[in-house]
Amino acid sequence: MSGLHAGWSVETLGDLAEFIMGQAPPGSECNKVGIGTPFVKAGEFGTERPIIQEWTTRPLKYALSSDVLICVVGATCGKINLGADCAIGRSVAAIRPVVALDQQYLYSFMSTQVRELRAGSAGSAQGVLSKDNLASVSLPLPPLPEQRRIVAKIDSLTGKSRRARDHLDHIPRLVEKYKQAILAAAFRGDLTRDWREARGLPTPRSVLLGDVAEGFNYGSAAKSAKEGRVPVLRMGNIQDGKLDWADLVFTDNAAEIAKYALKEGDVLFNRTNSPALVGKTALFSGEREAIYAGYLIKVRCKPELLPAFLTYCINAPNGRAYSWEVKTDGVSQSNINAKKLAAFRFDLPSKEEQAEIVRCIEAALSWINRITIDAASARKLIDHLDQSVLAKAFKGELVPQNPTDEPAAALLERIRSERAAAPKAKRGRKKAA
């Protein structure tokens with residue numbers, strides 16, 4: 001790290017901290033009812049501090065609230081938390097900084113090192129961090145007062161980022177509510193009532209789906225493959241009312257392809273899924289050749305029913321309510337058979353009004369989807385901003401330097417001298433009991 005400011009030095013973490021590697025007590029000495037010492041494993045790491053869920057009556061290795069905790073084993077290897085007064089398991093290590101290193105400064109710096117630590121870990125595919133891995137981490141060390149000024153500035157700036165992130169986190173839920181409100185209004189007739197009356201079109205009539213559609217065919221039960229010529233659409237390929245072509249299986253079976261081939265305008269209904277998802281529906285628009293799997297029902301509309309209108313209608317609140325009403329619940333999945341689907345009753349407007357309803361829905365959804373995309377972009381910008389703040393912090397560009405601050409190297413030297421001068425504890429032979 002070249003170009004350091006006056007008073008700064010570059011040190012290895014091994015010279016600035018002690019490392020306490022965790023050790024797991026026997027399972028019989030652990031409990032979840034609050035008896036003994038709080039016990040933290042990697043699974044209890046929270047956003048900033050661990051969430052205590054377990055205790056032990058036989059603690060073996062201790063951490064302090066003034067430490068920085070780090071996951072050293074497993075998929076979360078390299079993740080960090082501020083410390084707690086607790087026992088720690090083998091998946092956790094405590095980094096205990098010397099007085100010259102502020103805990104919050106260390107925590108902020110280590111948050112920038114997670115990727116590098118994970119990449120440099122050894123052992124299993126999930127990674128293992130050793131004491132040597134941690135000790136070899138190099139970090140820029142400003143004077144102690146400047147460390148605290150840096151921490152205060154980081155907290156101020158990232159606090160604003162957190163608030164912005166919290167607001168953005170509400171958007172997906174609001175978007176989903178808006179989509180359902182649009183669909184509900186569309187199939188109450190609110191979006192096109194004035195439009196219909198101005199054109200003298202007939203009012204919608206109540207119909208059963210079986211009267212205006214045909215087919216209601218179940219899909220293929222044959223085994224699919226990861227590679228092949230023709231994709232087999234499954235229930236997982238119906239996402240948010242659309243077909244998702246990302247995760248596909250395939251078939252080369254000519255008989256299956258001929259029997260279950262989809263045509264543009266076919267509506268696919270998910271007949272078997274969890275209670276919350278059964279009945280989700282998507283329109284096949286002929287994007288590519290495809291067949292459909294057995295957990296789907298193919299519905300083919302008669303001339304008086306537009307496939308896009310039917311798709312939105314089944315996904316609207318009235319369609320979802322019908323699916324919930326007629327589903328048959330199993331152990332972990334629900335089912336809606338073709339007979340019950342054909343009995344779905346809804347109001348059918350003229351084809352002209354159906355087309356206008358579809359146009360209104362898609363215009364509204366296009367706008368709301370734009371908001372979703374913008375929110376995701378804003379989230380990425382906030383993350384980049386936080387990274388930029390941290391990068392500036394550890395280059396000495398976030399707060400002004402104070403020439404009266406004691407240089408970090410001088411403080412470290414003084415600490416080492418005091419330790420060297422301190423009397424060492426005598427080690428005597430233990431007396432027999």
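What you see is a predicted model; the values in this text were computed from it and never measured.

Pairing is mixed in the open sheet, where three strands are placed in the order E17-E14-E21. The outermost strands of the open sheet, each flanked by one partner alone, are strand E17 (249–251) and strand E21 (291–292). Taken together, the three bridges between strand E14 (residues 230–233) and E17 define a ladder with antiparallel strand orientation. Looking across to E17, one finds that valine 232 is bridged to valine 249.

Our next topic: the sheet that holds strand E24 (residues 334–335). The strands that make up a sheet are held in pairs by hydrogen bonds between backbone atoms, and each pair lies either parallel or antiparallel. If you trace the three strands from one edge of the open sheet to the other, you get E19-E24-E23, paired in antiparallel fashion. In this open sheet, the two edge strands, each paired with only one partner strand, are strand E19 (272–273) and strand E23 (328–329). Sheet topology note: the E19/E24 ladder contains two bridges and is antiparallel. Within the sheet, the bridge partner assigned to asparagine 273 lies in E24 and is serine 334.

The next point concerns the pattern of salt bridges. Applying the stated criterion across every chain, the model contains 21 salt bridges. With its nearest N and O atoms 3.7 Å apart, the salt bridge here joins arginine 234 to aspartate 247. Here arginine 234, found in the loop between E14 and strand E15 (238–239), pairs with aspartate 247, found in the loop between strand E16 (242–243) and E17; they are 13 residues apart in sequence, far enough to count as distant. For arginine 234, a relative accessible area of 30% gives the class partly exposed. For the salt bridge of aspartate 374 with arginine 370, the shortest nitrogen-to-oxygen distance reads 3.0 Å. Placement of the pair is aspartate 374 and arginine 370 together in helix H11 (residues 351–393), with a separation of four residues, close to one helical turn. The exposure class of aspartate 374 is partly exposed, given its relative accessible area of 41%.

This paragraph deals with the packing of aromatic side chains. Taken as a whole, this structure holds eight aromatic pairs when the rule is applied. Among the aromatic residues, ring-to-ring pairing joins Tyr105, Phe109 and Phe394 into one connected group. The ring of tyrosine 218 has arginine 271 sitting right over it, with the charged end atom 4.3 Å from the ring centre. Looking at lysine 327, its charged tip hangs above the ring of tryptophan 324, at a distance of 3.9 Å from the centre.

A word on unusual backbone geometry. Peptide bonds are, in most cases, trans, and in most cases residues other than glycine have a negative phi. The phi angle at phenylalanine 216 is positive, at roughly 50 degrees, despite the residue not being glycine. With respect to the helices and strands, the residue phenylalanine 216 is situated in strand E13 (residues 213–218).

Attention now goes to the packing of helix H4 (residues 144–188) against H11. How two helices pack is summed up by the angle between their axes together with the distance between the axes. At a minimum axis distance of 10 Å, the contact between H4 and H11 shows a crossing angle of 170 degrees. One finds that H4 runs roughly antiparallel with respect to H11. Of the residues that constitute the contact of H4 with H11, the class distribution is 26 nonpolar, four polar and six charged.

Turning our eyes to something else, we now look at the nonpolar core. By size, the foremost hydrophobic cluster in this structure holds 42 residues, and its most contacted members are Phe187, Leu209, Phe216, Leu305, Phe346 and Ile361. At eight residues, H11 tops the list of elements feeding residues into this core. Each residue touching phenylalanine 187, except ones within four places of it in the same chain, is listed here: Phe309, Tyr312, Cys313, Ala316, Asn318 and Ile361. Residues Trp8, Leu134, Ile154 and Leu390 belong to the second largest nonpolar core, which totals 41 residues.

Reading guide: rules and limits
- Position labels on residues start from 1 in each chain and follow its written sequence.
- Local features in this predicted model are restricted to residues whose pLDDT is 70 or higher, and side-chain atom pairs enter the listing and the counts only when it is 80 or higher, whereas totals over whole chains, interfaces and linings include all residues.
- Only hydrogens and water are set aside; all other atoms, that is, all heavy atoms of the structure, feed into the side-chain values.
- Between any two strands, pairing holds if DSSP finds at least two bridges.
- Secondary structure follows DSSP: runs of H or I at least 4 residues long count as helices, runs of E at least 2 residues long count as strands, and numbering of each begins at the N terminus.
- Salt-bridge detection follows one rule: a side-chain nitrogen of Lys or Arg within 4 Å of a carboxyl oxygen of Asp or Glu.
- The classification of residues rests on relative accessible area computed with a 1.4 Å probe and restricted to protein chains. Under 20% of the type maximum is buried, over 50% is exposed, and intermediate values are partly exposed.
- Each Phe, Tyr or Trp ring (for Trp, its six-membered ring) is paired with any other whose centre lies within 6.5 Å, and the angle between the two planes then decides the class: stacked below 30 degrees, edge-to-face above 60, tilted in between.
- Over a ring means this: the NZ of a Lys or the CZ of an Arg is within 6 Å of the ring centre and within 35 degrees of the ring normal.
- Note on definitions: angles span 0 to 180 degrees between N-to-C directions of axes, and those axes are lines fitted to C-alpha atoms, for helices only across the stretch in contact.
- Our angle categories are set so that under 35 degrees counts as roughly parallel, over 145 as roughly antiparallel, 65 to 115 as roughly perpendicular, and the remainder as oblique.
- Amino acids outside the nonpolar list (Ala, Val, Leu, Ile, Met, Phe, Trp, Tyr, Cys, Pro) and the charged list (Asp, Glu, Lys, Arg) are all regarded as polar, and Gly is one of them.
- Grouping buried Ala, Val, Leu, Ile, Met, Phe, Trp, Tyr and Cys residues that are joined through side-chain atoms within 4.5 Å yields what is termed a nonpolar core.
- Here a residue-residue contact requires only that any non-hydrogen atoms of the pair lie within 4.5 Å.

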